[in-house]
Structures are given as structure tokens and as C-alpha cells.
2 protein chains.
Amino acid sequence: MSQILSSLRELLGEDAVLAPDQIAERATSYWDQRPMQGAALLRPRTSDEVSTILKHCHARGISVVTLGGLTNCVEGTVADRKTVLVSMECMNRIDEIDVVDGTATVQAGVVLQTIQEAAAQRGLSFPVDLGPRGSCTVGGNVSTNAGGIKVLRFGMTRNWVLGLEAVLADGTIVSSMNRMLKNNAGYDLKQLFIGTEGTLGIVTRVVLRLLPAPATRNSAMVALTSFDKVVALLKCLQARLGGQLSAFEVMWGSHYRAVTAPGWHRPPLERGYPYYVMLEMEGADAEGDESRFENVLAAAIDEGLVADAVIPQTEAERTRLWLVREDFTAIYEANPVFLYDVSLPIRDMAAYVADISSRVATRWPKGFIHVMGHIGDGNLHLFIHPGKPGDHLHHEADDEVYQALLPFGGSISAEHGIGLERIQYLFHSRSATEIELMKLLKRSLDPKNILNPGKVIDVAER
Amino acid sequence: MSQILSSLRELLGEDAVLAPDQIAERATSYWDQRPMQGAALLRPRTSDEVSTILKHCHARGISVVTLGGLTNCVEGTVADRKTVLVSMECMNRIDEIDVVDGTATVQAGVVLQTIQEAAAQRGLSFPVDLGPRGSCTVGGNVSTNAGGIKVLRFGMTRNWVLGLEAVLADGTIVSSMNRMLKNNAGYDLKQLFIGTEGTLGIVTRVVLRLLPAPATRNSAMVALTSFDKVVALLKCLQARLGGQLSAFEVMWGSHYRAVTAPGWHRPPLERGYPYYVMLEMEGADAEGDESRFENVLAAAIDEGLVADAVIPQTEAERTRLWLVREDFTAIYEANPVFLYDVSLPIRDMAAYVADISSRVATRWPKGFIHVMGHIGDGNLHLFIHPGKPGDHLHHEADDEVYQALLPFGGSISAEHGIGLERIQYLFHSRSATEIELMKLLKRSLDPKNILNPGKVIDVAER
């Protein structure tokens, strides 16, 4: 082990290499506070240094796990004591923001919010947005194809990556730093590294597409009395706001009551409704948008779709409303809580939630299930607590969640990925033929299986 | 040869198999009217039949080329006399349009316009749109990642494919008919078949995402006096129309004058301007959009950005304006005409067009170059005529176009793909490492090199 450390220090310099005792001072992830494990943690500064690391590890058959902001929910970056960790924390430079063509060229370790703010300072906007914006990195966003709160309008991270640079398992640097919106010159190689969770290469640099910043933003939180009305409101807003609806985030009543329980967030609306939606429109008409938004909302109230609504009057009020949606610390007072991320057709959501709720109630009468989600994207997040301690209950909860999903043909992972946690359930969403094709890709690009091994698909021989 | 025919007839039935003399009754493509060549032309009706064909050809090492609507511009479907052609013309069924979740499930041979119309009948919209909409197929759109006139707002075909079914070289059917907006359960395999021009598999079925149909559409054709003003107008409309600008199609003056020459389209605006733009906004506000559009346009005129403008008053007038942009038959009165499709940063376009125009004028004083494009996407189309007959002059024109592009780091193919025509220029846009990685993919998925061999990249041993 010390052999690995000393040779890596020779290659990269003392500062760039942390030893196991220093690694153990860090938490495994946001979700797992146990000490991080690894043979060494490396902090490269350039793609060339990443290439050096991979050449070294490839020649010796050493496993490599890449670390971004450690907010991954599916054990996507866990490692054992023999694994070399490559942290992108020193590759956090914004190289360029091109205002004319609307692109940002960044290193993979830049934090999402840093990009959002740098774009905003230049009158531009990077439309990928998610709760952990303050800690997640763009490299992590790319390698997990992150979703978030604006997918409804803008799509997932994949849509906003124009080009990227990645280092293959053997250290080859593949630079596809395309800046063009359109480029059909040969295979679109960047797709190999988007959403493949670091198993086919390490993303080191990215060219992102930016948009003009919206001139207006109008928000509201509303309460509704049935899921049918939630769906009707979504369709109504999509039609009447002409593609400018940028967020439509639903909380089931129990979720809302949990995060607004006494001592937690002050409830912006009465706590007795079955559904709450945080919605937002981004537009360009500084004169007309506010009244258009309020008229559409007033019509939805008149038509009986919306039972109650609150419109923030200041940016601080808006932030407080969003915290009700984004901050679920209250739920994690219970222990353990298992988080899920399924997608299924909107029409089936009410039936699915009813089924899984009844399964949880039957199995764990003292437990709970809270539901929220990006329903416009067909995506629900479930928080399940079994009502008693025991991480070993995770698999029981998995079985319930994924069994209940089967009849609806949904996906076991809308946006969180597979990582290690969901690998044994992949067959619920993917056929044997699909999994074989994934394995063919993995074996072709990483024949020694050193890149984030055991994640997404398991190609190790048994 | 007759051996191939008879065994294929046994497998698929008489009607499904055309012999070389019947094939020769067809034209090679829209762009090449010479008789089509092939050992057999097969018309499968199902993915299973495509699988049967590929198993048969794979076992015997027979090359296979897939045919859609034959509007490909880069010799993407040319074949020799030993090649089996698989035409998707009988796989033209729309299986389902799901109005609630906004999806269309179709066979790959459905014509684009058929999908657009079927969606429109249900109050929905499929936002991929391009000139040859009446003949190109969705399978062709997918396998070339087609762009078109609305990329500015909606992105390319890749963005609108939720799932697909493809048949691999050995006949394996990979069914990834995802209907969810979000699905990060493992590698996104569909990306292997989007934009890879039929070289990694045959796309047989597709799930497309649909949008609510726009409630309003406002169009105009405008004339401008400088390229700076064209760019300023684009930025102005993108900012003031709040993401609702759906088309911004630029014609350089000489292009406009060619297509509005006496005997061709009646000129909607005076013919002396250096730039013309066809622009369109799609919105949802039936009351407010028209006045908003006209106010923004009036402001652009007041600010001196726009020199003249015409707004169609009827759908027939709108169609006539679009024909000026889309119908370039007039240009093809000259022979030969070579078509290009480059992308480069907007800021460099004026310099690039000046350079290539001067190169053409120098080399071929009696020739011409006409330019139009989707400049919001960074994409220009060039029509070059050398002023004399001679298809052999194509390569001379290629050299000029791609040499002039090099300093700007542009792409030799924004949307048309590589096919056979541009393969020797791929290195202008892609590094040797990228091309090697493309070859690795090709060899991994099609080790016998039977799928559209020789297109995009050439893996044949020499």
C-alpha cells in the first residue's frame, strides 16, 4: 500500500496525494457519514495528471473511483481500501464564458452553483438546477446525467453538454470539446461519458451550453385537493404559459406536513391539503409576465383546480417557499430513511403511490412514506422509514418499491443512477439483452474493469 | 446472387424481396438520380423480420444498407451490387399516440410529416421539422440525428427520442422502448443508434416525445443591411420573446436573389438587401402573442436593426414565405451544385463566408456560392457551383470549404452527417484519438463490418 502512495507522490507531488488516515477524516458521502476508505486520494490539477494516474493504475490493475461533490444517492462513489480515489476538487476552474455564443468551458470539479452564478453575472443562465447545487460538481452532474427541478422545461444535463474531455481507462485523453450547438461529424462520443457514472472514463473538462438569463421569474406555492387536479393544473399551465413553465414540484400532503412540522419550516399554506405544488415560470416580458402568470393562476382558482395559493412578494419569501420543497432535514430525523427515485407514467402515479403506501403501512405500521417529485417528468422521490432502526431493512423496502413498480413499466432510477445500491434491481428496468449490451460497452472501453468497478453493471468474473 | 435472392424470398416471402432489375427502377437518392444498386432490396414488416435478415447476412458476411426516405445529403445510403438493401417502407405504422404522457410510438419507416400531422390532430406537436418532411422517415431522422428549422428552440432529433428498438449486426433485437422523460437506469443505450448513420444497428421502432401544440404562430420575413444586425436581431428576439422564438433562418442576399429570380418565387421583399431572415415565434397566449410579436418587430425596425419586413396575413402567405427559404430548385438549375453543412461560432460566420466566397470567385470566376443557414445553431449551408460541368470538381470544392473552416475550429457536418462523402475530411473536425474511439465502438458492435460499411469511419483492413 505504501508502495502505491510513494509512487503516486513521485508522479503528482506530495500535496496531491492523501494517505488512508487523511482520507478517513472525510465522510464517505453526504448520505453516509462513515469514514471514507481508499488506498490513496489523489487531487489532480489537469487532464494530463488524470491521464498519468490512469496509466499508472491501468498498468497495475488498480481500481479507480472518481469523486465529485459526494451528493450521489446510490453509493455511486463508495470504494474499498484497495481503491485509488481521484477527487476533482482541485480541477475547479472556469476557463471561459463565451457571452456571444453562450457557452461555458469548465473543469469537471467546478461546483454547479459557481457556474450558475458566473453565468448570471454575464446575463446568462445555466438551466440545470438541483437541491445540492452548492456542493455537487459539474463532472458529477455530467457523469450521472443529473436532472433536478427544471427538467420539465429544459431537460436533463445531457441536453446542456456541448462537448467534453474524458480520460479512458488506459490513460488516453479523448478531447471532444465541441462548442457548436450542432455537430454531426461522426459518432457523438460524449454520450459515452454522460450518465455512465464514471465507469467508462473520467470526465475532466466540459463545454456547457448557456441561455440568455430570464428577464422575469414568477413563483407560487399552491394547494390542491386531488391528484387529478394536480395533473389538470400541470396540463393547464403547460398550455397557457407557452413553454415558460420552468418548475412544477409536487409534494404529497404527508411530505409537506413532515417538513412543516412544529420546529421546522413555517407552513406557507394550511397543512391539511392532500397535495402541494411549488411552481415557477421564467419569461422575458418584464411588463406582461407577472399579470399573465397571476391571471392564469386566478383562472385555475376560479375553475376549482387550485384550492389555495401563496405568491411570494420578495426574493426572501421565494427562497423560503423553495426551502419547504428542497430541505428535507426534518424527514431524516427518523433513522433509517431510504430514498427512492422512480419514474412512471403520470396517469399511473396515484395508483402507484396508493399501492406502495399500503405496502409500507402493512409491513411497518410505525413507519412512514413521504412522496414528492417532478411529476411533469414522470419522476417521484419516495422517503421510506420502517419505523424502527436497521439499515438491513433497506432491501425489504427496495423489494416493495420495485415490486409495486413492475406493473407500470416504470424505471427504478429516473435521475439518481444505479451506482452500487440499485445494481441488483437493474433487471426491473432493463432486459437481459440491454444489460449484455451495457457489458459489451464496459468491456470494450475498460477491459481491465478498473473504472468505478462494480457500479451500474457488474462485469467481474465470478 | 440468385442464391441470395431465393434464400431471402424463402425467409421473408416473395413480395418482400426485390431483385436488382426492380431495384434499378428506383433512383439512388433524392440527390442522385442514377439507378439504385443492390443485390436485393428487402421490405421487412417487423423488427423480427429485420432480425431474420441480419442473422442471415451476418452469418454470410453480406453487407447491409438501411434505406429511409433517401433524402440524405452525404451518400449515406449508397451501396454496391453485392449489398443487401433493407428498406423501411413497409414499417410505416404509428402504433400509439399517448395524449396524456405526450408520446408517439412508431415504426422507423413512418414519414416525418405523418407524425407531425397525427400529433397535430390530437392537439400535440412533434417539434423536429425540416424541409424534406414529406419524404424523410423518422428512422432516418434518428440515425442521422436530424436538425432542421427549429433546432434553435427545440434541439435536434436526439432530444426527442425517449426510447427505441434497434437490431444489432448479429440480429439481436435490443428493445429500449422507454417512454419516460427521465430514465437513468444504466447506460442510455439509445445514444448508440442516434446519429450513427446505421453503422451500429438498424433502428426499427421509436418512442418520440411530443409537446402541447402551440396556440399561436407568428411569422415574418425581414431584410437587413449587415451581418452584425442579423446577430443583434437574433439576440434581441431571443431575449425579448422569452424562449418562444422557434425559427430564425438566414439567407444571404445572393441566395435570396437566386430563389426569387424571374420565373421562380415572387420576392416578398426587395431583392437588393445583403441579408434576409425568415423568423417565427410559437406561443400559447392567443390574446397577447400577436401584438407582442409585432411590438418586438416594430422596436427592431425603430432601432434600425431591420430595414424592411413582411408579415403574412394568411396561412397561404406564410407558406409562400417559407417556400422562399425551403425550395432551392432554382439553384439546382446549375449543374453540378455541391452542398455543404458546416457549423462554426456565430462571431466567425461573416469572416468565413467572406473567405470561402473569395476562394470560389478566384477558383471559378463563372461559378457561384449561395449561403443560408440556421445561424442561431451556428450552422450554415453552402451551395457551390463551379461554373462548369464536372462532378470531379466536388473534391476541389471540398478542399476549399474545409480548409477555410480550419481556423475557426468548426465542424464539417452540423446536421447532415458524414456518410461516404465526407469521410476523408472527418479528421478536420475530429482528432485521431476520437476517430480511434469511434472505430473501437464500430468493431465492438459490428465486428464483421456488415452494417452500412465504409460510412462515417472506415474500419476495413487495407
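Residues numbered from 1 in each chain as written. Chains lettered and ligands numbered in written order. Predicted model: local features only at pLDDT ≥ 70, side-chain atom pairs only at ≥ 80, totals over all residues. Heavy atoms only, no water.

**Quick notes on the overall build of chain A**
Alright, step 1. Counting its secondary structure elements, chain A contains 14 helices and 18 strands.
Alright, step 2. For chain A, the C-alpha radius of gyration of 23 Å lies close to 23 Å, the compact-globule estimate for 462 residues.
Alright, step 3. Projecting the C-alpha coordinates of chain A onto the three principal axes gives extents of approximately 70 × 55 × 45 Å.
Alright, step 4. Counting the 462 residues in chain A, one finds 62% classified as buried. (Helix = DSSP H or I, 4+ residues; strand = E, 2+ residues; numbered from the N terminus. Rg over C-alpha atoms; globule rule 2.2 N^0.38 Å. Buried < 20%, exposed > 50% of the residue type's maximum accessible area, 1.4 Å probe, protein only.)

**Focus: the packing of helix α7 (residues 227-240) of chain B against helix α9 (residues 289-302) of chain B**
Residues and elements named next belong to chain B.
Alright, step 1. Contact geometry of α7 with α9 gives a least axis separation of 11 Å together with a crossing angle of 150°. Taken as a pair, α7 and α9 cross one another with a handedness that is right-handed. Here Leu 233, Leu 237 and Arg 240 of α7 come into contact with α9, specifically with Arg 292, Val 296, Ala 299 and Ala 300.
Alright, step 2. Its residues placed into classes, the contact of α7 with α9 shows 5 nonpolar, no polar and 2 charged. (Axes fitted to C-alpha atoms, helices over the stretch in contact; angles between N-to-C directions. Left-handed = near helix turned anticlockwise from the far one by under 90°. Contact = heavy atoms within 4.5 Å. Nonpolar A, V, L, I, M, F, W, Y, C, P; charged D, E, K, R; others polar.)

**Let's talk about the confidence of the model for chain A**
Alright, step 1. With 99% of its residues at a pLDDT of 70 or more, chain A shows a mean pLDDT of 95.
Alright, step 2. Overall fold confidence for the complex sits at a pTM of 0.96, while the interface term, ipTM, reaches 0.94. (pLDDT = per-residue confidence, 0-100.)

**Quick notes on the interface of chain B and chain A**
Alright, step 1. Every contact between the two is made by 81 residues of chain B and, on the other side, 81 residues of chain A.
Alright, step 2. For the pair chain B and chain A, the summed buried surface comes to about 6100 Å²; carbon and sulfur atoms form 57% of the total.
Alright, step 3. Per-residue buried area on chain B facing chain A is highest for Lys 182, Asn 184 and Tyr 187 of chain B; these three make up 17% of the total on that side.
Alright, step 4. Inspection of the region where chain B meets chain A yields 10 salt bridges.
Alright, step 5. The salt bridge partner of Lys 182 of chain A is Glu 415 of chain B, with a shortest N-O separation of 2.8 Å.
Alright, step 6. Of all the secondary structure elements, the ones that give two or more residues to the side of chain B that touches chain A are α6 (151-154), β11 (173-176), α7, α13 (426-429) and α14 (432-445) of chain B.
Alright, step 7. Ranked by the residues each element gives to the side of chain B that touches chain A, the list is headed by α14 of chain B, at 9 residues.
Alright, step 8. The residue inventory of the side of chain B that touches chain A, partitioned by class, reads 33 nonpolar, 30 polar and 18 charged. (Buried area = accessible area lost by both parts, 1.4 Å probe. Salt bridge = Lys/Arg side-chain N within 4 Å of Asp/Glu carboxyl O.)

**Re empty space enclosed by the protein**
Alright, step 1. Across all of its chains, the model carries 2 cavities of 30 Å³ or more by this definition.
Alright, step 2. Space inside the largest cavity adds up to approximately 180 Å³.
Alright, step 3. In this structure, the largest cavity is lined by 20 residues; those nearest its centre are Gln 191 and Leu 192 of chain A together with Asp 188, Gln 191 and Leu 192 of chain B.
Alright, step 4. Tallied by class, the residues present in the lining of the largest cavity amount to 12 nonpolar, 4 polar and 4 charged. (1 Å grid on protein atoms, 1.4 Å probe; cavity = no way out; pocket = protein on both sides within 12 Å on 5 of 7 lines; lining within 4 Å. Points joined across faces, edges and corners; volume = space filled by probe spheres on them.)

**Digging into the pairing of strand β14 (residues 275-283) of chain A**
All names here are of chain A.
Alright, step 1. In terms of burial, β14 is largely enclosed, as 9 of its 9 residues are buried.
Alright, step 2. Along β14, one buried face is formed by Tyr 275, Val 277, Leu 279, Met 281 and Gly 283 and the opposite face, lined by Tyr 276, Met 278, Glu 280 and Glu 282, is buried too.
Alright, step 3. Of the strand pairs in this sheet, strand β12 (residues 216-224) and β14 are connected by 9 bridges, and their pairing is antiparallel. Its bridge partner being in β14, Ala 220 is matched across the sheet by Leu 279. (Pairing = 2+ DSSP bridges.)

**A closer look at the packing of aromatic side chains**
Alright, step 1. One pass over the full model with this rule turns up 30 aromatic pairs over all chains.
Alright, step 2. With a centroid separation of 6.1 Å and 80° between ring planes, the pair formed by Tyr 273 of chain B and Tyr 276 of chain B is classed as edge-to-face. Considered together, Tyr 273 of chain B and Tyr 276 of chain B belong to a single accessibility category, that of buried residues.
Alright, step 3. Here the aromatic cluster, defined as three or more aromatic residues joined through ring pairs, consists of Tyr 30, Trp 31, Phe 328, Tyr 332 and Phe 383 of chain A.
Alright, step 4. Between the NZ or CZ atom of Arg 363 of chain A and the centre of the ring of Trp 364 of chain A, over which it lies, the distance is 5.6 Å. (Phe/Tyr/Trp six-rings, centres within 6.5 Å; stacked < 30°, edge-to-face > 60°. Lys NZ or Arg CZ within 6 Å of the ring centre and 35° of its normal.)

**A closer look at the nonpolar core**
Alright, step 1. Ranked by size, the top nonpolar core spans 242 residues in total, and within it Phe 248, Ile 375 and Leu 380 of chain A together with Phe 248, Ile 375 and Leu 380 of chain B carry the most contacts.
Alright, step 2. When sequence neighbours within four positions are dropped, the list of residues in contact with Leu 380 of chain A reads Trp 252, Tyr 340, Asp 341, Val 342, Leu 344, Met 349, Tyr 352, Val 353, Val 371, Met 372, Gly 373 and Ile 375 of chain A.
Alright, step 3. With 25 residues, the next largest nonpolar core counts Val 259, Tyr 273, Met 278 and Trp 322 of chain A among its residues. (Core = buried A, V, L, I, M, F, W, Y, C linked by side-chain atoms within 4.5 Å.)

**Considerations on the sheet that holds strand β1 (residues 17-18) of chain B**
Two strands in a sheet stick together by hydrogen bonds in their backbones, pointing the same way (parallel) or opposite ways (antiparallel).
All names here are of chain B.
Alright, step 1. Spatially, β1-β4-β6-β5 is the arrangement adopted by the 4 strands of the open sheet, whose pairing is mixed. If you trace the sheet from one side to the other, it starts and ends with β1 and β5 (64-67), each paired once.
Alright, step 2. Where strand β4 (residues 40-42) lies against strand β6 (residues 84-87), 3 bridges are found, and the strand directions are parallel. Across the sheet, Leu 42 pairs through a bridge with Val 86, a residue of β6.

**Digging into the side chain of Thr 196 of chain A**
Alright, step 1. Here Thr 196 of chain A lies in the loop between β9 (173-176) and β10 (202-209).
Alright, step 2. Its relative accessible area of 4% is what places Thr 196 of chain A among the buried residues.
Alright, step 3. Here the side chain of Thr 196 of chain A touches Leu 192 of chain A through a polar contact of 2.8 Å, landing on its backbone oxygen.
Alright, step 4. Not counting residues up to four positions away in its chain, the partners in contact with Thr 196 of chain A are Ser 143 and Val 456 of chain A together with Tyr 187 of chain B. (Polar contact = N/O pair within 3.5 Å; in protein donor to acceptor, adjacent residues only side chain to side chain.)

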